[in-house]
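As a plain string of letters, each chain reads:
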Amino acid sequence: MGNVRWNDSALKKAVGAAARAEVAARTRKAAAAANSMSAGYRTGLYHRDHESPAVGGTAPRYEPDVRDYDGWPVGIVYTGNYAAMKDNHENNTLLKAKG
């Protein structure tokens, strides 16, 4: 059996757009799943400096992001606010949304 040589630039051109679209779709799907799983979660209200106004009580927001690394798309879902950080810490929301 002979060696197989890949032409990386030709491969990236051939499958790059389709791969990016698929990665973006799956990343958006995972973010939507995380957002729907945490829809009822709210952080508690607190006073930053023991004075009014109170802050908190917000819903978690998970954000999708797709970037190219060395010509290949990589998708990530990250916590978009403090409520999402707390929700993910307590409930492993991103791990569950991964499927």
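This one's a predicted model, so the numbers in the text were calculated from it and none came from an experiment.

Draft legend 1. Geometry of the overall build of the protein. Check the secondary structure of the protein and you find 3 helices and 2 strands. For 99 residues, the compact-globule estimate of 2.2 N^0.38 gives 13 Å, and the C-alpha radius of gyration of the protein, at 20 Å, exceeds that figure by more than 25%. Taken over the C-alpha atoms alone, the protein extends approximately 70 × 25 × 20 Å along its principal axes. The burial tally for the protein puts 20% of its 99 residues in the buried class. In the protein, once contacts between residues fewer than 6 apart in sequence are set aside, the share between residues at least 24 apart is 50%.

Draft legend 2. Inspection of the pairing of strand 2 (residues 72-79) at higher detail. Taken together, the 8 bridges between strand 1 (residues 62-69) and strand 2 define a ladder with antiparallel strand orientation. Bridged to Arg 67 within strand 2 is Val 74. From the end of strand 1 to the start of strand 2, which pair antiparallel, there are 2 residues, and Asp 70 there has a positive phi angle of about 55°.

Draft legend 3. Spatial organisation of the nonpolar core. The biggest cluster of nonpolar side chains holds 7 residues, and these are Ala 30, Ala 31, Ala 34, Tyr 62, Val 77, Ala 84 and Ala 97. At 3 residues, the largest contribution of residues to this core is made by helix 1 (residues 8-37). Among residues more than four places away in sequence, those in contact with Ala 84 are Pro 60, Arg 61, Tyr 62 and Thr 79.

Draft legend 4. Layout of helix 1. Where helix 1 bends most, the angle comes to about 55°, and this point is Val 15. What helix 1 keeps buried is the set Gly 16, Ala 24, Thr 27, Ala 30, Ala 31 and Ala 34. Considering only its buried residues, helix 1 is in contact with strand 1, strand 2 and helix 3 (93-98).

Draft legend 5. Highlighting unusual backbone geometry. The backbone phi angle of Asp 70 is positive, close to 55°, even though this residue is not glycine. Along the chain, the position of Asp 70 falls in the loop between strand 1 and strand 2. The phi angle at Asn 92 is positive, at roughly 55°, despite the residue not being glycine. Along the polypeptide, Asn 92 turns up in the loop between helix 2 (82-91) and helix 3. Note on Asn 92: relative accessible area 44%, which makes it partly exposed.

Draft legend 6. Expanded view of the side chain of Ser 38. Position of Ser 38 among the secondary structure elements: in the loop between helix 1 and strand 1. Its relative accessible area of 2% is what places Ser 38 among the buried residues. Reaching out from Ser 38, the side chain makes a polar contact with the backbone oxygen of Ala 34 at a distance of 2.9 Å. Those residues in contact with Ser 38 that sit more than four places away from it in its chain are Pro 60, Tyr 62 and Asp 87.

Analysis parameters
Residues numbered from 1 in each chain as written. Predicted model: local features only at pLDDT ≥ 70, side-chain atom pairs only at ≥ 80, totals over all residues. Heavy atoms only, no water. Helix = DSSP H or I, 4+ residues; strand = E, 2+ residues; numbered from the N terminus. Rg over C-alpha atoms; globule rule 2.2 N^0.38 Å. Buried < 20%, exposed > 50% of the residue type's maximum accessible area, 1.4 Å probe, protein only. Contact = heavy atoms within 4.5 Å. Pairing = 2+ DSSP bridges. Core = buried A, V, L, I, M, F, W, Y, C linked by side-chain atoms within 4.5 Å. Bend = angle between axes of the 7 residues up to and from the residue. Polar contact = N/O pair within 3.5 Å; in protein donor to acceptor, adjacent residues only side chain to side chain.

So far we have only geometry, and geometry alone does not tell us how the molecule works.
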